[in-house]
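Okay, here's what each chain looks like letter by letter:
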Amino acid sequence: MISIRDTVAYILSIAGCTSPFRISRMLVLANWKMLKEKGTIALRFKVDGFQAGFAVPEIEEIKRRIKDGSERCIKINEQKKCFEYVCEEKVELPREVSDVIQKVFDEIRSLDDISLNRIVVRDPHYPELLKRGGFHEG
């Protein structure tokens, strides 16, 4: 199973400065797309939320590691309120996962945060995601 940290780093490497809010929506959409296309999820992570929105605790863990200095490649841009990938080394994910993330990014890149959130919370799979508290098995 691929780590959330590496997936977040990959998202930042293709998308640039991205808020944790948008990252969390991309993670959910990528898993749903993988489930539809491949019959399995790419990532395991928790989701804490309610009908109107959610958070991914693993992203908060990344933020904590940034602040304590143990994360060297992902930094917080306080002015833009986003994460940035600052290392030279390329982030590698399995091709089927990176392809799905790229597709999701291409589909949502022009959406504002409200529209992006609506796509997720209005999806028929969303109530089950909340009930289960995230993606726990493939």
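Visitor: Talk me through the nonpolar core; I want residue IDs and the actual numbers.
Guide: Generally speaking, nonpolar side chains in soluble globular proteins are found buried as a group. By size, the foremost hydrophobic cluster in this structure holds 44 residues, and its most contacted members are Phe45, Ile74 and Phe83. For this core, the elements supplying multiple residues, two or more each, are α1 (4–15), α2 (20–38), α3 (57–68), β5 (82–85), α4 (95–108), α5 (113–121) and α6 (126–132). In terms of residue count, the dominant contributor to this core is α2 (eight residues).

Visitor: Hey, could you go over the packing of aromatic side chains for me, with residue numbers and the actual values?
Guide: Scanning the model with the defined rule gives two aromatic pairs in all. With 5.1 Å between their ring centres and 55° between their planes, phenylalanine 45 and phenylalanine 135 make a pair best called tilted. Here phenylalanine 135 lies in strand β6 (residues 134–135) and phenylalanine 45 lies in strand β1 (residues 45–46), a separation of 90 residues in the sequence. We note that phenylalanine 45, like phenylalanine 135, is buried. Pairing phenylalanine 54 with tyrosine 126 gives two aromatic rings, centres 6.0 Å apart and planes at 50°, and the pair type is tilted. Of the two residues, phenylalanine 54 sits in strand β3 (residues 53–55) while tyrosine 126 sits in helix α6, which places them 72 residues apart along the sequence. We note that phenylalanine 54, like tyrosine 126, is buried. The ring centre of phenylalanine 21 lies 3.9 Å from the NZ or CZ of arginine 25, which sits over that ring.

Visitor: Can you explain α4? Please cite residues and give values.
Guide: In an α-helix, one full turn covers 3.6 residues, which means residues spaced three or four apart are oriented alike. If you check α4, its first and last C-alpha atoms are 20 Å apart, about what 14 residues at 1.5 Å a residue would give, namely 20 Å. Every buried residue belonging to α4 is among Val97, Ser98, Val100, Ile101, Val104, Phe105 and Ile108, and all of these are buried. Summarising the axial view, the buried residues of α4 lie within an arc of 160°, below the 170-degree limit, and thus occupy one face. Packed against the buried residues of α4 are α1, α2 and α5.

Visitor: Go over the state of the cysteines, please, and point to the residues and values.
Guide: Inspection of every chain in the model, using the stated rule, returns two disulfides. Across the disulfide, cysteine 17 is cross-linked to cysteine 82 (sulfur-sulfur distance 1.5 Å). Residues cysteine 17 and cysteine 82 are joined by a disulfide whose S-S torsion is about -70°; by sign, that bridge is left-handed. Taken together, the positions of cysteine 17 in the loop between α1 and α2 and cysteine 82 in strand β5 put the pair 65 residues apart, joining distant regions of the chain. Looking at cysteine 17, the relative accessible area reads 31%, which means it is partly exposed. Covalent S-S linkage joins cysteine 73 and cysteine 87, the inter-sulfur distance amounting to 1.9 Å. Since a negative S-S torsion denotes a left-handed disulfide, the cysteine 73-cysteine 87 link at about -90° is left-handed. Of the two residues, cysteine 73 is situated in the loop between α3 and β4 (74–77) and cysteine 87 in the loop between β5 and α4; the sequence distance between them amounts to 14 residues. Overall, cysteine 87 belongs to the buried group, its relative accessible area being 15%. If you count the bonded cysteines of the chain from the N-terminus, they pair up as 1-3, 2-4.

Visitor: An account of the packing of α1 against α4 is requested, with residue identities and associated values reported.
Guide: Put simply, α1 and α4 touch, their axes get as near as 11 Å, and they point 50° apart. Between α1 and α4, the angle falls in the class oblique. As for the relative orientation of α1 and α4, their crossing is right-handed in sense. Each of Thr7, Tyr10, Ile11, Ile14 and Ala15 in α1 lies in contact with α4, whose residues at this interface are Ser98, Ile101, Gln102 and Phe105. Broken down by class, the residue content of the contact of α1 with α4 amounts to six nonpolar, three polar and no charged.

About the cut-offs
- Residues numbered from 1 in each chain as written.
- Predicted model: local features only at pLDDT ≥ 70, side-chain atom pairs only at ≥ 80, totals over all residues.
- Heavy atoms only, no water.
- Core = buried A, V, L, I, M, F, W, Y, C linked by side-chain atoms within 4.5 Å.
- Buried < 20%, exposed > 50% of the residue type's maximum accessible area, 1.4 Å probe, protein only.
- Helix = DSSP H or I, 4+ residues; strand = E, 2+ residues; numbered from the N terminus.
- Phe/Tyr/Trp six-rings, centres within 6.5 Å; stacked < 30°, edge-to-face > 60°.
- Lys NZ or Arg CZ within 6 Å of the ring centre and 35° of its normal.
- Expected span 1.5 Å × (residues − 1).
- Arc of directions from axis to C-beta.
- Contact = heavy atoms within 4.5 Å.
- Disulfide = S-S within 2.5 Å.
- Axes fitted to C-alpha atoms, helices over the stretch in contact; angles between N-to-C directions.
- Parallel < 35°, antiparallel > 145°, perpendicular 65-115°, else oblique.
- Left-handed = near helix turned anticlockwise from the far one by under 90°.
- Nonpolar A, V, L, I, M, F, W, Y, C, P; charged D, E, K, R; others polar.

On their own, these measurements won't tell you what the molecule is for.
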